[in-house]
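Chains, contacts and geometry: an overview
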Amino acid sequence: MPEPDVRGAGGVADGSATIAFRGGGFQPQPRRLVPFIVFVLVIGLWQAASWRGWLPDLFMPSPWQIVGAFGDMLHSGTLTRHVGASLSRIALGWLFGTTAGLAVGLAMGIFSVARAGGLPVVSALFPIPKIALLPLFILWFGIGEPSKVATIGFGVFFPTVIAAYTACDSVPRNLIRMGQSFGLPAHAIVWKIVVPGAMPGILAGFRITASIALILVVAAEMIGAEYGIGAFILSAGNLMQTDQLLAGVTLLSLLGLAVSTVLGAVERIVLRWR
Amino acid sequence: MSIRFIAALAAAILAWSATVAASAQEKVSIAALRFVSSSPIFIALDRGYFKEQGLEVEFKFFDAAQPIAVAVAAGDADFGITGLTGGFYNLAGKGALKIIAAQSREEPGYDFVAYLASKKAFDAGFTDPGKFPGKTIAITQTGSTFHYMLGMLSEKRGFKLTDVTLKPLQSIANVTAALKGEQVDGALLPANNAYAAEKAGFAKIIGWVHQETPWQLGALFAGTRVIEQRHAVVEKFVAAYLKACADYADAFLARDAAGKRVFGDKAEALIPIIQKYVQPKPSPEQVKASASYIDPKGRLLVKNIYEQIAWYQAQGMVARDVDAAKILDLSFVKDHLDPPKR
Amino acid sequence: MDLRLDGITHRYDGLLVLDGIDLLIRDGETVAIIGPSGCGKSTLLGIVGGLLRPSAGTVRTIGKPRADSLNPFTYVFQDFALLPWRSVAANVALALEHHPLPRAERQARIKAALGLTGLGDFADALPRQLSGGMRQRVGLARALVVRPAVLLLDEPLSALDAQTRELLMEDLLAIWARERSTRLYVTHNLDEAARLADRVVVLSRRPGRIREIVSIDVPVAERLSASALPVIAAVRDRLWALIRDEARVAEREVQHA
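Residues numbered from 1 in each chain as written. Chains lettered and ligands numbered in written order. Predicted model: local features only at pLDDT ≥ 70, side-chain atom pairs only at ≥ 80, totals over all residues. Heavy atoms only, no water.

1. Quick look at the overall build of chain A
As a reminder, the rule being used: Helix numbering and strand numbering both begin at the N terminus, where a helix is a DSSP run of H or I of at least 4 residues and a strand a DSSP run of E of at least 2. We compute the radius of gyration over the C-alpha atoms and compare it with the globule rule, which gives 2.2 Å times the number of residues raised to the power 0.38. Exposure is judged per residue with a 1.4 Å probe applied to protein chains only, and the accessible area is read against the type maximum: over 50% gives exposed, under 20% gives buried, and values in between give partly exposed. Residue contacts follow a heavy-atom distance rule, with two residues in contact if any of their heavy atoms lie within 4.5 Å. Each accessible area is a Shrake-Rupley estimate made with a 1.4 Å probe; only the visible protein chains count as cover when residues are assessed. Working convention for charge: Lys and Arg count positive, Asp and Glu count negative, and His plus the chain ends are omitted. Where a charge lies is defined by one atom per residue type, namely NZ (Lys), CZ (Arg), CG (Asp) and CD (Glu).
Counting secondary structure elements, chain A contains 10 helices and zero strands. If you list the helices and strands of chain A from N to C, you get α-α-α-α-α-α-α-α-α-α. Taken over the C-alpha trace, chain A has a radius of gyration of 27 Å; the compact-globule value for 274 residues is 19 Å, which it surpasses by more than 25%. Oriented by its inertia axes, the alpha-carbon framework of chain A measures out at about 95 × 75 × 30 Å. Burial statistics for chain A: of 274 residues in total, 41% are counted as buried. Looking at chain A alone, contacts between residues at least 24 apart form 69% of all its contacts between residues at least 6 apart. Roughly 15,200 Å² of accessible area belongs to chain A as shown, and the carbon and sulfur atoms make up 71% of that amount. Distance from the positive charge centre (17 side chains) to the negative charge centre (11 side chains) of chain A: 13 Å.

2. Topic: helix α4 (residues 65–73) of chain B
For α4 of chain B, the set of buried residues is Q66, I68, A69, A71, V72 and A73 of chain B. Once α4 of chain B ends, the next one or two residues include G75 of chain B, with phi positive near 85°.

3. Brief notes about the sheet that holds strand β3 (residues 30–34) of chain C
Whenever strands of a sheet pair, they do so through backbone hydrogen bonds, lying parallel or antiparallel. Residue and element names in this part refer to chain C. Basically, it comes down to this: Two strands qualify as a pair provided that DSSP identifies no fewer than 2 bridges between them. To define axes, lines are fitted to C-alpha atoms, for helices over the stretch in contact only, and angles between the resulting N-to-C directions are given on a 0 to 180 degree scale.
The strand order β5-β6-β7-β3-β8-β9 describes an open sheet built from six strands, whose pairing is mixed. The outermost strands of the open sheet, each flanked by one partner alone, are β5 (73–76) and β9 (210–215). Neighbouring strand axes in the sheet, compared pairwise and without regard to direction, differ in orientation by 20° on average. As defined by bridge partners, strand β6 (residues 150–154) adjoins strand β7 (residues 182–186) across five bridges and the pair is classed as parallel. Paired with D154 across the two strands is V186, which belongs to β7.

4. Re the packing of helix α12 (residues 231–252) of chain B against helix α13 (residues 265–277) of chain B
Residue and element names in this part refer to chain B. Worth spelling out the cut-off: In this scheme, roughly parallel covers angles under 35 degrees and roughly antiparallel covers those over 145, while 65 to 115 is roughly perpendicular and the rest are oblique. A clockwise turn of the near helix away from the far one marks a right-handed crossing, whereas an anticlockwise turn of less than a right angle marks a left-handed crossing. Any residue that is not Ala, Val, Leu, Ile, Met, Phe, Trp, Tyr, Cys, Pro, Asp, Glu, Lys or Arg is counted as polar, Gly included; the first ten are nonpolar and the last four charged.
It is the contact of α12 with α13, at a shortest axis distance of 8 Å, that shows an interaxial angle of 125°. As far as their axial angle goes, α13 and α12 are oblique. Both α12 and α13 take part in a crossing whose hand is left-handed. Contact residues: D247, Y248, D250, A251 and F252 in α12; K266, A267, L270, I271 and I274 in α13. Its residues assigned to classes, the contact of α12 with α13 shows seven nonpolar, no polar and three charged.

5. Overview of a nonpolar patch on the surface
Residue and element names in this part refer to chain A. Cut-off, in case you're wondering: Patches draw on residues past 30% relative accessible area with no salt bridge. Two like charges within 9 Å are joined, as are two nonpolar side chains (Val, Leu, Ile, Met, Phe, Trp, Tyr) within 5 Å. Note on definitions: salt bridges are taken to be side-chain nitrogens of Lys or Arg within 4 Å of carboxyl oxygens of Asp or Glu.
Taken together, L33, F36, I37, F39 and V40 make up a surface patch of nonpolar side chains, about 550 Å² in accessible area. By secondary structure assignment, the location of V40 is in helix α1 (residues 33–52). The exposure class of V40 is partly exposed, given its relative accessible area of 44%.

6. A look at the nonpolar core
Definition in use: Each nonpolar core is a collection of buried residues, namely Ala, Val, Leu, Ile, Met, Phe, Trp, Tyr and Cys, held together in the definition by side-chain atoms within 4.5 Å. Throughout, the edges of the domains are those of an automatic or database domain assignment.
M178 of chain A together with L5, L114, W176, V200 and L239 of chain C are the most contacted members of the largest nonpolar core, which has 133 residues in total. Tallying contributions element by element places helix α8 (residues 186–220) of chain A first for this core, with 17 residues. For this core, the two domains that each supply at least three residues are domain 1 (1–66 + 167–257) and domain 2 (68–148) of chain C. Contact partners of L5 of chain C, with chain neighbours within four places excluded, come to I21, D22, L23, I25, L44, V48, T58 and V59 of chain C. Judged by nonpolar contacts, the second largest core, of 57 residues, contains M240 of chain A together with L33, F112 and A219 of chain B.

7. Some words on the domain arrangement of chain C
Residue and element names in this part refer to chain C. To be explicit about the condition: Simply put, the buried area is the total loss of 1.4 Å probe accessible area from both parts when two parts are fitted together. Whenever a nitrogen or oxygen atom comes within 3.5 Å of another N or O atom, the pair is scored as a polar contact, on the condition that within protein one atom can donate a hydrogen and the other can accept it, and that pairs from neighbouring residues in sequence are kept only if both atoms are in side chains.
Partitioning chain C into domains gives domain 1 (1–66 + 167–257) and domain 2 (68–148). On a C-alpha basis, the centres of domain 1 and domain 2 stand 24 Å from each other. Counting from both sides, the interface comprises 17 residues of domain 1 and, opposite them, 12 residues of domain 2. Summed over both partners, the interface of domain 1 with domain 2 comes to about 1,300 Å²; 68% of that surface belongs to carbon and sulfur atoms. The tally of links between domain 1 and domain 2 comes to one salt bridge. R137 is the partner of D171 in a salt bridge, and the nearest nitrogen-oxygen pair spans 2.3 Å. Here domain 1 is connected to domain 2 by three residue pairs in polar contact (both at pLDDT 80 or more). Counting only elements with at least two residues in the side of domain 1 that touches domain 2, the list comes to α1 (41–48) and α5 (162–178).

8. Some points on the interface of chain C and chain A
Listed by partner, the interface residues are 21 residues for chain C and 17 residues for chain A. Buried area between chain C and chain A, summed over both chains or domains, comes out near 1,800 Å², and the portion from carbon and sulfur atoms is 68%. When residues of chain C are sorted by the area they lose upon contact with chain A, L51, W85 and H98 of chain C head the list and together hold 32% of the total. The interface formed by chain C and chain A holds one salt bridge in total. When the shortest N-O distance is used, the salt bridge between K192 of chain A and E97 of chain C registers 2.7 Å.

This is the structure:
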């Protein structure tokens, strides 16, 4: 009798065999340390390359120099002024854009007339780079805060509209039919069924619009801003202070990380039911 | 060996020797703006001064001062000629480029950059460069020459620059628009734009920078590696450049007994050359209005360059370790002006 | 309150789905509607509940619903249709929110409905934490909390597994016994119809017409007793005999569609 083809555990005299395990793998597991190690490794390699002179600091400042630029900002007290100025612009612009965007987006999600009228307008205006409209915003809103808030607000508005009305579409129709069958008035169906049902989509939209607001703050602060992270980055660019430029960019990405953490927490609370 | 073969060989040798003769012309490149202030290099090319020195010069045009310094620092161009800014000093401080000769400067009697007040602010009493404190002023960029000029003014007139609200608007066009829309009280603008603004009636010229704070505005500079490795070429280049500077000064810098500028036949002869390279193409009147003072012998206001760097450093706009002495190579031009006493 | 259907006819885009349904449903009666796939059972329920407008015919109520009824027609849905962001109690409360009720009565009604459906301990749970059977109990509680005159059940047990379905059928019978509404019960499951209904309306293949009405003469209270079993089995067989051939044709038709 021929031996059975057995891999892994050895065959036994009576012909029985243990079945070799062949499952497992292909299933991403959380590895808490890995991102941290990768981060440290990349920064370390970068710093080492700068020390060894492989990266001339004319073209790429070392991490240590960027930290130094941060230190200077902290020391001179300009850091809080820059962050404060940008945050207030981002917050105001985002709030205006989101409020208006939700109003229009929900209207488009609920009313056929609003959708028929709004969709072509939104589709036509959404892809326009808001930076191209900067001169117009300056004519309309001046070179003070309003034009900066408006630039961010406009950038946030359109994605919010689209997120809101597609989120309305994703609310199961049977829930609306259920509301009707229980005699709920239309406004109650909107506030108790459509809006909470659209919340996951709307919150996902918030993540996108928060990033857009951060991106646009640099453009918004091109014009007439004394303080602000964007103004700081631009002036560092003008002055060829590459270490400060990267410090500013780092500041923006830290801000992005903070915003995303906050939004994550909001999602966990608001969408507890998922 | 046939006659035909010999003929072919001879032709080949002839062609080769022609190539060698052509390559005897040393190739160099210079990064510049298509501005009237770049005139000396246009003149040197057009009148064959570079060729006389055995140089074949290629122009690399940019639309802002910053990229010119970057191009030279990165070795994409051998020379650069443009205004001196905070960004320029930061780049130069890394050791990649050195100033070798003068370009434009603010010289008493030669209008170049004006202080302007908006119509409304002027009517409200903003009539003098001493009245900048408390005003909102448009400039192009943080660390630009306009920023520095205001800084010098504040030192001369004894006010704090922090009492002036600066609005960086990125471009001359935006500055003009802000002045027009009365979104700022005043601005600094080049002569050309200043005259136009006053003529259109939305702004008033309340003074000229040359009346307040003469200074070295622009320079010719070279890559450090070019100076080290091709020293003779730099000398030849500067020689041609100085010859053109002398022509330029002769034509554009003459003044009559009353101190008024006069433009004679020599200017008329140079204007078409300048018009050929400057974009957008200026009218002869615009060329004259923009013809800044350029030292006939290419001499720099050396002390002022030290002052500029010190000012930018005090503002935190230029790194502390930038040393003026290391970014100047004063060996190519004789008798620089106003050297600092050391 | 009786319910009277006169010549209900319905078309979807010209396709005749229901054709002249006449039916009288008496107060307190449980009527099941069965028929092959696509015979318009659910459409009929939608028309009775006022969610669909019939192409022709009328649905009339005769008499008044009882005094404490807030909503004469309420639904129980096949897919439960619960709001996932609301707790069990809040889902049930939804049906009451637009009725002006004293707080105490509102609470009492919710408590009673949860008690009736065996959800007393789950008031604060979220739908995602519940099994399918528990979710449908929430749907049932929500429909009952308004004390409807007519309960419209649209395949309420179809989304459940066989064991849960058995359990819920027993619970439904218990509820039938304690609560006095008229019920219209649409199902494709003959067992449910035979065990839960007083009368079973058998619809023909599309266009749906009433083929036959089968009565089950066992009081609700005795449905679970051993003596009821043979009667129910006989009804079930009868119903199968009635729709078997048409079900097969309908099945093929659906596959071609």
